[in-house]
Amino acid sequence: MKLLVCISHVPDTTSKINFTEGDTKFDTSGVQFVINPNDEFGLTRAMWFKEKQNATVDVISVGGAETEPTLRKALAIGADAAIRINAEATDGHTVATYLATAAKEGAYDLIIAGRESIDYNGGMVPGMLAAMIDANFVTNCISLEIDGTTATAVREIDGGKETISTVLPLVIGGQKGLVEESDLRIPNMRGIMMARKKPLTVVNPTAEASKTQAVAFEKPAPRGAVKLVDAENIDELINLLHNEAKVI
Amino acid sequence: MSVLVYIESEQGKFKKAAFEAASYGKAVADAMGSSLVALTFNTEDASELGAYGVEKVLNTNSVADFNAKIYADIIKQAAEKEVASVVVLSSSADSRYIAPLLSVGLKAGYASNVVAAPSSLEPFVVKRSAFTNKAFCNTEISTAIKIVGVSNNSFGLVENKTTAQLENFSPSIAPSSTKVTSVDKASDKVTIADADIVVSAGRGLKGPENWGLIEDLADVLGAATACSKPVSDLGWRPHSEHVGQTGKPVATNLYIAIGISGAIQHLAGINSSKIKVVINTDPEAPFFKAADYGIVGDAFDVVPELIEKLKVFKAQNA
Ligand SMILES: Cc1cc2nc3c(=O)[nH]c(=O)nc-3n(C[C@H](O)[C@H](O)[C@H](O)COP(=O)(O)OP(=O)(O)OC[C@H]3O[C@@H](n4cnc5c(N)ncnc54)[C@H](O)[C@@H]3O)c2cc1C
Ligand SMILES: Nc1ncnc2c1ncn2[C@@H]1O[C@H](COP(=O)(O)O)[C@@H](O)[C@H]1O
């Protein structure tokens, strides 16, 4: 089984979000980048397929040279080879188009991406990719088993979950549940050494027009101070929620 | 030309998020001087949609079970039939599943998590939340057809009385190798996605045995229950209740956080809720800086009393 894991290189969850150039660009100064948390769950599940079902695992990212440490980390965790598509990830559609080209070339059976990235937050790349390469697609995926060419996936729905039976080729939008938090791996010394020798191929894409453009960013308006209510005066809280906030 | 809205229903009833999507669609249609068409599945009576400005309803009875690919294809055919220039969906799990597929099918740019009506039609610019609610991004959609995913509880319900004409729609349906084999869903519980109020608790509750308190409070308020990440990692509560940057986003009218410290990852996911109430023993807990109302106190004293007082309040205001 040939498996591809899509890796989005995103600001660490503790990052403060600021913008520069007249609020048109994300300010990366002082920001730590990590593997998108949803992708990390997917990568860890991919390691299981590698170890238990002999899958080969490639990782791919669309981005500049600054994303290479993130790809190297994925190699250190155990992926076999990495591909970097040398382009700025301008919008979901563009990223999906580049990934689709690579996915077709590699003839992957299974592509694991994340439910959403924590930076752009589009929740769109995996679905678009699936549609472009005419693969089956399951998002919000919290469990995945492969048996030959059939797949059984569990998808989180609003208020519950559903089990889906489908066939490869398949694209997944994964999240926690695919593996547990405690299954996540930290690269060890051996992994880091081996990762240096693994192939990281850089591909230049053909030009692609994006369908959406970020015009300007905004930060949420600063909020007023909290109104503290005495623990002995619960009636006051109910009164405020009813008459002032009008939410009960 | 028209604006098309995809209307979801649940057990034969239209979802509130669908009415919100229709309200949004009506605002766009009015601004463009066009009309609002809705697409429903397996509906007999669509008159309720008239309240939100829907003039025409295409209903299809061609599929029984949900299938994202097939639904996306049907919405595409409806959009083409109605010459839609904007297609509006909600932010439900199903809508978010469908929208990217539809986007490729219609060659239409898609903006998700949209929180406000377009600030301009030419160019078409919408405000969406990004960086897991830590910021907003004004996004231009530059394709002829535009797809907008409206964030829950962001636009609200706006009534616009008209009469909705129901029309039968028979799209062509391609076979699919994807099938839902089982659904596991509590029908008696309010879901985080659909709730107006969410009651959420963290490690301050000490252990799973104390969650009766949280469920009781949720019951009185008709609320959904949620929790912080460590609580689900510890197995005290199911993963589906984990909210925050790496869990579910929450955008409700009222979010009550009990024994949750207010870490940046937690706040990121719940920030777009309108009113936030915090109950925490520690006056220095960061959550107080992000809240509208707060009580410094022990959950085990405050919550039981809150439940009793709310029961009295509910009885009086019934
Ligand atoms: C990559 C990453 C992603 C993450 N994503 C998320 C996420 O999506 N969602 C999330 O929630 N967290 C997330 N976290 C974890 C986050 O950083 C915090 O660790 C977590 O939110 C803390 O949970 P808590 O508030 O329940 O527990 P604690 O931080 O332990 O806080 C417990 C609080 O309860 C209070 N308390 C104690 N006893 C009582 C009492 N009797 N009555 C009232 N209050 C009491 C304490 O004063 C304290 O403020 C993430 C972390 C990382 C590293
Ligand atoms: N620049 C990128 N390179 C590779 N994969 C990406 C990129 N952006 C997004 N993805 C994948 O698509 C998923 C959803 O991203 P998004 O649609 O941006 O929310 C992520 O979890 C990744 O798996």
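A quick note: this is a predicted structure, and the numbers were derived from the prediction, not measured.

Student: Outline the pairing of strand β11 (residues 160–167) of chain A, supporting the account with residue identities and numerical values.
Tutor: All names here are of chain A. Of the two faces of β11, only the one carrying G160, E162, I164 and T166 is buried; K161, T163, S165 and V167 on the other face are not. Where strand β10 (residues 150–157) lies against β11, eight bridges are found, and the strand directions are antiparallel. By the bridge assignment, A151 is partnered in β11 with T166. A loop of two residues connects β10 with β11, the two strands running antiparallel in sequence, and G159 in this loop sits at a positive phi of about 85 degrees.

Student: Help me get a handle on the interface of chain B and chain A, residues and values and all.
Tutor: In this assembly, 83 residues from chain B lie in contact with 72 residues from chain A. Here chain B meets chain A over a buried area of about 6,900 Å², counting both sides, of which 57% is carbon and sulfur. Its largest share of buried area at the contact with chain A, chain B owes to B:Y97, B:F131 and B:Y293, together 12% of the area lost on that side. Across the chain B-chain A interface, the total number found is ten salt bridges.

Student: Report on the side chain of A:T166, specifying residues and quantitative values.
Tutor: With respect to the helices, strands and loops of the structure, A:T166 is situated in strand β11. Look at A:T166 and you get buried, because its relative accessible area is 1%. At a separation of 2.9 Å, a polar atom in the side chain of A:T166 contacts the side chain of B:T178. Not counting chain neighbours up to four residues away, the residues in contact with A:T166 comprise A:N136, A:T149, A:T150, A:A151, B:S177 and B:T178.

Student: Explain the site of ligand 2 residue by residue, including any values.
Tutor: Residues and elements named next belong to chain A. Inspection of the region around ligand 2 gives 21 residues, with D39, V62, S117, G123 and M124 positioned closest. A distance of 3.1 Å separates an oxygen atom of ligand 2 from a polar backbone atom of G122. One nitrogen or oxygen atom from the main chain of M124 is found 2.8 Å from an oxygen atom belonging to ligand 2. Notes on ligand 2: free accessible area 480 Å², of which the protein chains cover 96%. When residues of the shell around ligand 2 are traced back to their parent elements, those giving at least two are β6 (56–62), α3 (92–106), β8 (110–114) and α4 (125–133). Of the residues forming the shell around ligand 2, the biggest block, three residues, is contributed by β6. For the shell around ligand 2, the per-class residue count stands at eleven nonpolar, eight polar and two charged.

Student: Provide a residue-level description of a nonpolar patch on the surface, including the pertinent values.
Tutor: All names here are of chain A. On the surface, M189, I192 and M193 cluster together to form a nonpolar patch covering roughly 280 Å² of accessible area. With respect to the helices and strands, the residue M189 is situated in helix α5 (residues 189–197). The class of M189 is exposed, set by a relative accessible area of 57%.

Conventions used here
- Residues numbered from 1 in each chain as written.
- Chains lettered and ligands numbered in written order.
- Predicted model: local features only at pLDDT ≥ 70, side-chain atom pairs only at ≥ 80, totals over all residues.
- Heavy atoms only, no water.
- Buried < 20%, exposed > 50% of the residue type's maximum accessible area, 1.4 Å probe, protein only.
- Helix = DSSP H or I, 4+ residues; strand = E, 2+ residues; numbered from the N terminus.
- Pairing = 2+ DSSP bridges.
- Contact = heavy atoms within 4.5 Å.
- Buried area = accessible area lost by both parts, 1.4 Å probe.
- Salt bridge = Lys/Arg side-chain N within 4 Å of Asp/Glu carboxyl O.
- Polar contact = N/O pair within 3.5 Å; in protein donor to acceptor, adjacent residues only side chain to side chain.
- Near = heavy atom within 4 Å.
- Areas by Shrake-Rupley, 256 points an atom, 1.4 Å probe, with all protein chains shown as cover.
- Nonpolar A, V, L, I, M, F, W, Y, C, P; charged D, E, K, R; others polar.
- Patch = residues over 30% accessible without salt bridge, like charges linked within 9 Å, V, L, I, M, F, W, Y side chains within 5 Å.

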